[in-house]
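Analysis of the macromolecular model
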Amino acid sequence: MSLQPQVTFGPGAFLSGAALTVLIFGFPHGPVGYVFGSAAALLLGMPLALLTGILMRPVRNQLLHILAVGAAGVLTGVLTLLFITGGRWYTMWGLVLWTGFCAALGRAAVLGLVTVHRRPEPAPLEP
């Protein structure tokens with residue numbers, strides 16, 4: 001695996017994915033879900049997703065990108081609930097899984113906005 005970027009994404013892909021993630025997350029929870037979802041996304045989710053995206057740039061497989069962003073969403077859910085509930089996040093494990101699912105869905109939705117670079121052709125051998 002090469003450490004050169006194989007996948008690049010711009011602010012349009014990142015912000016679209018983040019907005020869709022918050023939109024889907026808050027839908028079943030109503031206004032309260034949008035308030036807490038937006039706050040968690042801005043303070044923790046988006047930085048973790050950006051870091052995940054940057055670290056995953058050498059990986060061409062988009063399914064791995066979706067799973068990694070979903071894992072970042074799960075981590076966001078756990079850390080947010082640790083802060084809100086004082087350590088009893090496991091009582092709301094469904095919300096944690098929902099957060100990861102929404103993050104993965106937001107990343108999957110922007111597959112067409114990211115660029116997957118082709119591998120460079122090896123130079124022909126000179127006789």
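These numbers come from a predicted model, not from an experiment.

Conventions and cut-offs
- Residues numbered from 1 in each chain as written.
- Predicted model: local features only at pLDDT ≥ 70, side-chain atom pairs only at ≥ 80, totals over all residues.
- Heavy atoms only, no water.
- 1 Å grid on protein atoms, 1.4 Å probe; cavity = no way out; pocket = protein on both sides within 12 Å on 5 of 7 lines; lining within 4 Å.
- Points joined across faces, edges and corners; volume = space filled by probe spheres on them.
- Helix = DSSP H or I, 4+ residues; strand = E, 2+ residues; numbered from the N terminus.
- Nonpolar A, V, L, I, M, F, W, Y, C, P; charged D, E, K, R; others polar.
- Contact = heavy atoms within 4.5 Å.
- Patch = residues over 30% accessible without salt bridge, like charges linked within 9 Å, V, L, I, M, F, W, Y side chains within 5 Å.
- Areas by Shrake-Rupley, 256 points an atom, 1.4 Å probe, with all protein chains shown as cover.
- Salt bridge = Lys/Arg side-chain N within 4 Å of Asp/Glu carboxyl O.
- Buried < 20%, exposed > 50% of the residue type's maximum accessible area, 1.4 Å probe, protein only.

**A word on the layout of surface pockets**
One number sums up the size of the largest pocket: a volume of about 730 Å³. Along the wall of the largest pocket there are 43 residues; nearest its centre are Thr 21, Ala 41, Gly 45, Gly 73 and Ala 103. When residues of the lining of the largest pocket are traced back to their parent elements, those giving at least two are helix H1 (11–26), helix H2 (30–55), helix H3 (62–85) and helix H4 (93–109). Among the elements that line the lining of the largest pocket, the one with the most residues is H2, at 12 residues. Classifying every residue of the lining of the largest pocket by side-chain character gives 26 nonpolar, 15 polar and 2 charged. What lines the second largest pocket is simply Phe 36, Ala 39, Ala 40, Leu 43, Leu 44, Leu 79, Thr 80, Phe 83 and Ile 84. Elements with a minimum of two residues in the lining of the second largest pocket: H2 and H3. No other element matches H2, which puts 5 residues into the lining of the second largest pocket.

**Digging into the environment of Cys 102**
Take Cys 102: it is sitting in helix H4. Along the sequence, Cys 102 and Thr 76 sit 26 residues apart, while their C-alpha atoms lie 11 Å from each other. Those residues in contact with Cys 102 that sit more than four places away from it in its chain are Thr 21, Ile 24 and Phe 25.

**A closer look at a nonpolar patch on the surface**
A cluster of nonpolar side chains, contributed by Val 32, Phe 36, Phe 83 and Ile 84, occupies part of the molecular surface with about 480 Å² of accessible area. For the nonpolar patch, the elements supplying multiple residues, two or more each, are H2 and H3. Mapping Val 32 onto the fold places it in helix H2. For Val 32, a relative accessible area of 53% gives the class exposed.

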